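One-letter residues, chain by chain:
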Amino acid sequence: MTRSFLVSLLLPLLLIGCASGPVTRPNAREWGVLEAEYRLIESQRRAAPTPSNRASRREQIEVRLATLRKLEGSYTLFMERLREYHARTSDPRAASLYASEKVRLGDEYAELLSRYDRAIEMYNSALLIDPGNVGASQRLAQTRLRRYVDLGRFSSVKNGMKEEDVRGILGMPREDWIKQIVQKGKVYSVWIYPKEDGGACAVYFDNSVVYFMNWNAAATRQTG
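Read on for a plain summary of the structure. The structure presented is a predicted model; accordingly, all values stated were derived computationally and were not measured.

**As for the packing of helix H4 (residues 92–111) against helix H5 (residues 116–129)**
Between H4 and H5, the shortest axis-to-axis distance is 8 Å and the interhelical angle comes to 170°. In terms of their interaxial angle, H4 and H5 are classed as roughly antiparallel. When H4 is examined against H5, the residues Ala-95, Tyr-98, Ala-99, Lys-102, Val-103, Leu-105, Gly-106, Asp-107, Tyr-109 and Ala-110 are found in contact with a partner set consisting of Tyr-116, Arg-118, Ala-119, Met-122, Tyr-123, Ser-125, Ala-126 and Ile-129. In terms of residue class, the contact of H4 with H5 is made up of 13 nonpolar, 2 polar and 3 charged.

So this is what it looks like as structure tokens:
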């Protein structure tokens, strides 16, 4: 058997081997696997416990964190696979799904935890992979406004207002920025809010009713 004959037999196989590798176009096989993984995650979310309407904010946070911890391993792996698939194939379905999950996380950071800084990160992540995502763009703009309390909004808070009134004007502060003590049967609490200059303002409650406000509750950030 001549060398030229062997080359003629092996060359097609070598070319096939060189052509094989990661798929760089959207394809039904990989997308189907990702969809199946996502359906499983969604079913686990639906099966997770939900807090009652009377649950406190802390209880709601604890229930949600328990669900996140339960799904953490499979969810993190799924998101990594989804991102890798999109980076390799530019499949718009992957971009849309990845962005919607980032928006979902952003909403929880903003609405449940009042962690507007983390919410902004999530919305930016969504827009990075799906620039045309209208929901992420709108939420990003809204959250940037809510991140810090300005003097105009703070001045709208008046003595005698209830907690729900303040929540409607300033929003809820982070859970760790709410301080509370009980003295002689009365519940005294303070809600602390960040300002853009690095300082903080505070609203004080006596049995859930405002009795004092302090625009300069914490020093501003030093510059220079």
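**So, H5**
Between its first and last C-alpha atoms H5 spans 20 Å; for 14 residues at 1.5 Å apiece the expected length is 20 Å, and the two agree. Buried within H5 are the following residues: Tyr-116, Ala-119, Ile-120, Met-122, Tyr-123, Ala-126, Leu-127 and Ile-129. Structurally, H5 contributes buried residues whose contacts are with helix H3 (57–89), H4 and helix H6 (134–147).

**Notes on the packing of aromatic side chains**
Where two aromatic rings form a pair, the distance of their centres and the angle of their planes describe that pair. Inspection of the entire model under this criterion finds 7 aromatic pairs. Between Tyr-188 and Tyr-211, the aromatic rings sit 6.5 Å apart at their centres with planes inclined by 80°, giving edge-to-face as the arrangement. Taken together, the positions of Tyr-188 in strand E2 (residues 186–194) and Tyr-211 in strand E4 (residues 209–218) put the pair 23 residues apart, joining distant regions of the chain. A centroid spacing of 4.7 Å and a plane angle of 50° characterise the contact between Trp-191 and Phe-205, whose relative ring orientation is tilted. Taken as a pair, Trp-191 in strand E2 and Phe-205 in strand E3 (residues 200–206) lie far apart in primary sequence, 14 residues in all. Residue Phe-205 is classed as buried on the basis of its relative accessible area of 0%.

Thresholds applied
- Residues numbered from 1 in each chain as written.
- Predicted model: local features only at pLDDT ≥ 70, side-chain atom pairs only at ≥ 80, totals over all residues.
- Heavy atoms only, no water.
- Axes fitted to C-alpha atoms, helices over the stretch in contact; angles between N-to-C directions.
- Helix = DSSP H or I, 4+ residues; strand = E, 2+ residues; numbered from the N terminus.
- Parallel < 35°, antiparallel > 145°, perpendicular 65-115°, else oblique.
- Contact = heavy atoms within 4.5 Å.
- Nonpolar A, V, L, I, M, F, W, Y, C, P; charged D, E, K, R; others polar.
- Expected span 1.5 Å × (residues − 1).
- Buried < 20%, exposed > 50% of the residue type's maximum accessible area, 1.4 Å probe, protein only.
- Phe/Tyr/Trp six-rings, centres within 6.5 Å; stacked < 30°, edge-to-face > 60°.

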